[in-house]
Amino acid sequence: MAYRFASFIMAAAFVPAPPAATALEAASAFAPKMTEVALYGDAPIPNSKPVADTETGAQKGWVQNVSRPTLQIYLPSPAKATGTSVLIIPGGGYSGLTFDYEGVQQAQYFIDHGIAAFVLKYRLPSDSTMGDKSIGPLQDAQQGLRNIRLNAKTWNLDPARVGVVGFSAGGHLASTLATHFQKAYVPNPENINLRPDFQVLIYPVISMDARITHMGSRTALLGASPSEAQIEAFSSERNVTNATPPALILHAADDQLVDLDNSLAYLEALRHAGVPVEARIFSKGQQGFPLLPRNTWQGAITDWITANGWLRPRNL
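Report on the accompanying structure. (Residues numbered from 1 in each chain as written. Predicted model: local features only at pLDDT ≥ 70, side-chain atom pairs only at ≥ 80, totals over all residues. Heavy atoms only, no water.)

Summarising burial for helix α5 (residues 169-179): 11 of the 11 residues are buried, a large majority. All of the buried residues in α5 are A169, G170, G171, H172, L173, A174, S175, T176, L177, A178 and T179. Packing partners of the buried residues in α5 comprise β4 (85-89), α4 (136-150), β7 (162-167), β8 (198-202), α6 (215-222) and α8 (261-272). (Buried < 20%, exposed > 50% of the residue type's maximum accessible area, 1.4 Å probe, protein only. Helix = DSSP H or I, 4+ residues; strand = E, 2+ residues; numbered from the N terminus. Contact = heavy atoms within 4.5 Å.)

Take a look at the structure:
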């Protein structure tokens, strides 16, 4: 038996090996390692008070007390890259960030489909860390979008195919970004376009109207007794124009946390303004879609992005 085994090994040694892939070909098949950067780089954080960093929960996927915003950068493998990108905004009622499920896990899905993903860890509204807590999250969202377009060439992205994806209260922030792009709330000397090219809102908070809003999100963002002007400014359905970017809305009819009426109000506002909009209303799914297979609702996103021409491959 030993002689036969040795003979087999000797014979195998003379079998020609298949051509090895070049290092460049091998590298193009794998996504680069995620990197995380300070959202404002070395510049001061606007509208920020000098306080200690008390952030918690990064290892648990539920992040609280964010006062130092960052951007996590997930790029697809060069072999899959399409040039399309999304800014992902996790939810959490403006009191925390569901950062793992609504951020990191979603980024992995997008890069698997050739879409670069940028997960925003935005400041949570707090009078102790900001001069005006109502605009702090919007400032960070604008800066996130600005960073993507500023670095589009470096990351091999198409600056005309940058979308925003928001979950729950992150959906409110995404829709705020999509309806408040005319004014820069952050320094923007390069005059970078702050309008997303498309918006995907997943079980979103939309309105600050007490009749349909998620009251926890409203209180965290605007305080216990917001003015009518604040309610008007931060109710996205009241700020839609014909320049608002196209939207996909996903919501479950049995959502007991964020009323479906939020999505319906936004759908109607977009429709009446002539903005292309598509909505998928699932009969069951609840907040977070725990009752739905992921491919059911995630696939709806990539199908919609593809159908609208934002996922076409491009040589950049």
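Attention now goes to the pattern of salt bridges. Where charged atoms from two side chains of opposite charge come close, those side chains can pair. Across all of its chains, the model carries 12 salt bridges by this definition. A salt bridge links E232 to R238, with the nearest nitrogen and oxygen atoms 2.9 Å apart. Under the relative-accessibility criterion, E232 is labelled partly exposed at 37%. R238 sits in the partly exposed class, given a relative accessible area of 33%. (Salt bridge = Lys/Arg side-chain N within 4 Å of Asp/Glu carboxyl O.)

Read across the sheet, 8 strands follow the order β1-β3-β6-β4-β7-β8-β9-β10 without closing on themselves; strand pairing throughout is mixed. Two strands close off the open sheet at either side, each with one partner strand: β1 (35-38) and β10 (277-282). Sheet twist, expressed as the average angle between the axes of neighbouring strands with direction ignored, equals 15 degrees. Each of β8, β9 (247-252) and β10 touches α8; the most contacted strand, β9, lies at about 155 degrees to it. (Pairing = 2+ DSSP bridges. Axes fitted to C-alpha atoms, helices over the stretch in contact; angles between N-to-C directions.)

Right, let's talk about the packing of helix α3 (residues 100-112) against helix α9 (residues 294-307) for a bit. Taken N-terminus to C-terminus, the directions of α3 and α9 make an angle of 60 degrees; their axes are 12 Å apart at the nearest point. Compared by their axis directions, α3 and α9 come out oblique. Crossing angle aside, the handedness with which α3 passes α9 is right-handed. Only R294, W297, Q298, G299, I301, T302 and I305 of α9 make contact with α3, whose side of the interface consists of Y101, Q105, Q106, Y109 and F110. (Parallel < 35°, antiparallel > 145°, perpendicular 65-115°, else oblique. Left-handed = near helix turned anticlockwise from the far one by under 90°.)

On to the packing of aromatic side chains, then. Two descriptors summarise a pair of aromatic rings, namely the distance from one centre to the other and the angle between the planes of the rings. Applying the stated criterion to the full structure yields 11 aromatic pairs. Judged by centre distance (6.1 Å) and plane angle (75 degrees), the rings of F198 and W304 are edge-to-face. Pair noted here: F198 is in strand β8 and W304 is in helix α9, with a separation of 106 residues, a long-range link. Its relative accessible area of 0% is what places F198 among the buried residues. Ring pairs connect the aromatic residues F167, Y203, F282, F289 and W297, which therefore count as one cluster. Here the basic side chain of R195 rests over the ring of F181, its NZ or CZ set 6.0 Å away from the ring centre. (Phe/Tyr/Trp six-rings, centres within 6.5 Å; stacked < 30°, edge-to-face > 60°. Lys NZ or Arg CZ within 6 Å of the ring centre and 35° of its normal.)

A large share of β4 lies buried, amounting to 5 of its 5 residues. With burial as the criterion, each face of β4 is covered, one bearing S85, L87 and I89 and the other bearing V86 and I88. Across 5 bridges, the pairing between β4 and β7 is parallel. Within β7, the residue paired with I88 across the bridge is V165.

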